Amino acid sequence: MHEKRAKRLKTRALERERMYRIPEKVPEFEKFDMVFGGKLNRQNRWVILADLIPWDKVEEKYAQLFVTNNGRPALPVRVALGALIIKEKSKLPDEELVEYIRESPYLQYFLGYEGYKDELPFDPSMMVHFRKRLSGNILKEVNALIIERSKADDEARDDGDEGKGAGEGETKEPQNKGTLIVDATCAPEDMRFPHDVTLLDEARRKTERIIDCLQNYAPEGYEKPRTYRKTARKEFLTFIRNRKPRERTIRKAIRKQLQYVERNLRIIGDYKGIVGFKGLSGKQYRDLVVISELVRQQRELYTQKSRSIEGRILSISKPHVRPIARGKARGMYEFGAKLSVSLVDGLTEVHRLSWEPYNESQDLKGQIETYRQRYGRYPEVVCADKIYRTRENLRYCQEYGIRLSGPKLGRPFKESQKNRALLRERRRIEREDESTRIAVEGKFGEGKRRYTLDRIGTKLRATSESAIHLVFLVMNLMVLYRRKAKAFFMALLDTLFEMVRIAFGKQIWQLIAA
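Because the structure is predicted, anything quoted here is derived from the model rather than measured.

Caption draft 1: Spotlight on the overall build of the protein. The helix and strand tally for the protein stands at 16 helices and 6 strands. For the protein, the share of sequence-separated contacts (at least 6 apart) that also reach a separation of at least 24 residues comes to 72%. Total accessible area computed for the protein in this model is approximately 30800 Å², and 51% of it derives from carbon and sulfur atoms.

Caption draft 2: Representation of the nonpolar core within the structure. Ile85, Phe110, Phe122 and Leu134 are the most contacted members of the largest nonpolar core, which has 76 residues in total. With 13 residues, helix H16 (residues 461–513) is the single largest residue contributor to this core. Setting aside anything within four residues of it in sequence, one finds Ile85 in contact with Ile53, Phe110, Leu470, Leu473, Val474 and Leu477. Judged by nonpolar contacts, the second largest core, of 29 residues, contains Val197, Ala203, Leu258 and Val275.

Caption draft 3: Local environment of the environment of Ser361. Structurally, Ser361 is set in the loop between strand S4 (347–354) and helix H13 (364–375). Taking C-alpha positions, Ser361 is 7.9 Å from Asn393, a pair spaced 32 residues apart along the chain. Engagement of the side chain of Ser361 in a polar contact is seen with the side chain of Asn359, the distance being 2.7 Å.

Caption draft 4: Inspection of the pairing of strand S3 (residues 331–344) at higher detail. Counting buried residues in S3 gives 11 out of 14 residues, a clear majority hidden from the surface. As judged from the 8 bridges shared by strand S1 (residues 179–188) and S3, these two strands associate in the antiparallel manner. By the bridge assignment for S3, Pro188 is matched with Gly336. Alignment of S3 against S4, held across 7 bridges, turns out to be antiparallel. Residue Val341 lies in a different strand from S4, and its bridge partner there is Val350.

Caption draft 5: Structural view of unusual backbone geometry. Phi is positive for Lys91, close to 60 degrees, though the residue is something other than glycine. By secondary structure assignment, the location of Lys91 is in the loop between helix H4 (77–90) and helix H5 (94–103). Notably, Tyr228 is not glycine yet its phi reads approximately 55 degrees, a positive angle. Under the relative-accessibility criterion, Tyr228 is labelled partly exposed at 33%.

Caption draft 6: The arrangement of H4 in detail. Here H4 spans 20 Å end to end across 14 residues, near enough to the 20 Å set by a 1.5 Å rise per residue. Of all the positions in H4, only Val77, Arg78, Val79, Ala80, Leu81, Gly82, Ala83, Leu84, Ile85, Ile86, Lys87 and Glu88 are classed as buried.

Caption draft 7: Broad picture of the packing of H4 against H5. At a closest axis distance of 11 Å, the pairing of H4 and H5 adopts a crossing angle of 110 degrees. Of the possible angle classes, the one that applies to H4 and H5 is roughly perpendicular. Contact with H4, carried on its side by Ala83, Ile86, Lys87 and Ser90, involves Asp94, Leu97, Tyr100 and Ile101 of H5 and no other residues of that element. Tallied by class, residues from the contact of H4 with H5 come to 5 nonpolar, 1 polar and 2 charged.

Caption draft 8: Expanded view of the packing of helix H9 (residues 196–215) against helix H11 (residues 247–274). With their axes 9 Å apart at the nearest point, H9 and H11 run at an angle of 20 degrees to one another. Our classification of the angle between H9 and H11 gives roughly parallel. For the element pair H9 and H11, the recorded crossing hand is left-handed. Two secondary-structure elements touch here, H9 through Asp196, Val197, Leu200, Asp201, Ala203, Arg204, Thr207, Glu208, Ile210, Ile211, Leu214 and Gln215 and H11 through Ile250, Ala253, Ile254, Gln257, Leu258, Tyr260, Val261, Asn264, Leu265, Ile267, Ile268 and Tyr271. Looking at the contact of H9 with H11 residue by residue, the classes come out as 16 nonpolar, 4 polar and 4 charged.

Caption draft 9: Quick look at the pattern of salt bridges. Within the structure shown, the criterion is met by 41 salt bridges. The partner of Glu369 in a salt bridge is Arg372, and the shortest N-O contact between them spans 3.1 Å. In this pair, Glu369 and Arg372 both sit in helix H13, 3 residues apart, roughly one turn of the helix. For Glu369, a relative accessible area of 22% translates into the label partly exposed. Several salt bridges converge on common partners, so that one network encompasses Asp183, Asp385, Glu434, Arg437 and Glu441.

Caption draft 10: Quick peek at a negative patch on the surface. Taken together, the side chains of Glu95, Glu96, Glu103 and Asp123 present a region of like negative charge at the surface. Topologically, Glu95 is positioned in helix H5.

Caption draft 11: Examining the packing of aromatic side chains more closely. Using the criterion set out here, one finds 9 aromatic pairs in the structure. Ring geometry for Tyr371 versus Tyr375: centroids 4.6 Å apart, planes at 35 degrees, classification tilted. With a gap of 4 residues between them, Tyr371 and Tyr375 both fall in helix H13, about one helical turn apart. Overall, Tyr371 belongs to the buried group, its relative accessible area being 6%. An aromatic cluster is built from Trp46, Trp55 and Phe110, whose rings are joined through pairwise contacts. Directly above the ring of Tyr302 sits Arg251, whose terminal nitrogen or CZ lies 4.1 Å from the centroid.

Procedures and definitions
- Residues numbered from 1 in each chain as written.
- Predicted model: local features only at pLDDT ≥ 70, side-chain atom pairs only at ≥ 80, totals over all residues.
- Heavy atoms only, no water.
- Helix = DSSP H or I, 4+ residues; strand = E, 2+ residues; numbered from the N terminus.
- Contact = heavy atoms within 4.5 Å.
- Areas by Shrake-Rupley, 256 points an atom, 1.4 Å probe, with all protein chains shown as cover.
- Core = buried A, V, L, I, M, F, W, Y, C linked by side-chain atoms within 4.5 Å.
- Buried < 20%, exposed > 50% of the residue type's maximum accessible area, 1.4 Å probe, protein only.
- Polar contact = N/O pair within 3.5 Å; in protein donor to acceptor, adjacent residues only side chain to side chain.
- Pairing = 2+ DSSP bridges.
- Expected span 1.5 Å × (residues − 1).
- Axes fitted to C-alpha atoms, helices over the stretch in contact; angles between N-to-C directions.
- Parallel < 35°, antiparallel > 145°, perpendicular 65-115°, else oblique.
- Nonpolar A, V, L, I, M, F, W, Y, C, P; charged D, E, K, R; others polar.
- Left-handed = near helix turned anticlockwise from the far one by under 90°.
- Salt bridge = Lys/Arg side-chain N within 4 Å of Asp/Glu carboxyl O.
- Patch = residues over 30% accessible without salt bridge, like charges linked within 9 Å, V, L, I, M, F, W, Y side chains within 5 Å.
- Lys, Arg positive; Asp, Glu negative; His and termini not counted.
- Charge placed at Lys NZ, Arg CZ, Asp CG, Glu CD.
- Phe/Tyr/Trp six-rings, centres within 6.5 Å; stacked < 30°, edge-to-face > 60°.
- Lys NZ or Arg CZ within 6 Å of the ring centre and 35° of its normal.

Structure (structure tokens):
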């Protein structure tokens, strides 16, 4: 046990001391070596996606995570981030992913290879390290860089089409322009539905294994205390076979399982005074800390006959998850992270990610200020739910000339002959704003149907945040890819129409000459 723990700590230390070297050569499309002949297609989706990501700026941020002159060099960020994007797009397990990359030269070009190699790019276990290194904050910054680059390209294209324009010497205040769509959603974790009795049974079984582990280090002749594990298991199985237990039956089952776990914790406390916790692994010690807090919460809930408590633990393996009240048709609560999301011109950005429930109307000012910093002006319209229409937000939007969608606060106007036209116009504007706002719901549906936002399968808090931000990054990349593919298709059609026009024009002139 001690040798395994020492080896694990050594591995973590080496992982922290890895050095990062920014690649000197940037892979060029024309010089990609196919080995078996031929060349890559410029219009392949992975080639286009590789051009959409500002790899040089991502390299600068990624290199700051490592030391400069010590340790084994880590894999380039293009390999790490590219592998995460491919995994999210293909929904493959880690073992299948490395084989998928091995078989495709386009994926290897996307990862920054200079030529095709018929070998595994890395060990499948490296995907865990990629998710830990590329945290949620880093992926959020990468997503912002992609949006900034797309905005710069659009502005350059517009300047090329319209020219410099008039009035360069004027210093007018920029007027409001554009539409900002905001909303909130929940990214559910892949976890069992939390029941108090089931949670206490899991805690009891984990504490029993901890007692077994500590008994191995006890002095010779030390008698192992009784834990009543068979009796406790039998009572739990009897309870869960009852499909519709009454409130009294549920409280009785909670009381019994709670007593068993509390007895186990007292036994573990006795072992601590004799042998300490030197025989426990890191995971067992963490579980013990979580179980202690879980028992305290459950005892308080049972004593006070309450159903809610601050910071309630729903899972021993994921103690950071909290219930988020959403009021959806299939369930009043979801268990995962709550997100505040903004949508501008088809590109989404996560403004706030929290594991604790909160009111999303608090984020509106920050989302509007982020829009102003990026585009140099305030939005003309903000399309949002009714929950955003607080008096404070309305005053803020009125101060900066922003129209916040939705009906006015207070009692609605009584329709009369004088105000009928005005009320009809207001209802028309509300319908248009609602049809515009619904686009963000489509983005949530895309993330939860086409990608993995509906069930986050990672285990740790940091990797879950990384997985959530990665979904929105990939969705933005696919939006930009579709725009670029559409532009190429339209240019191709224009070329074909021009060729047809020229060909028919020559034939007409030949007929006239004849």
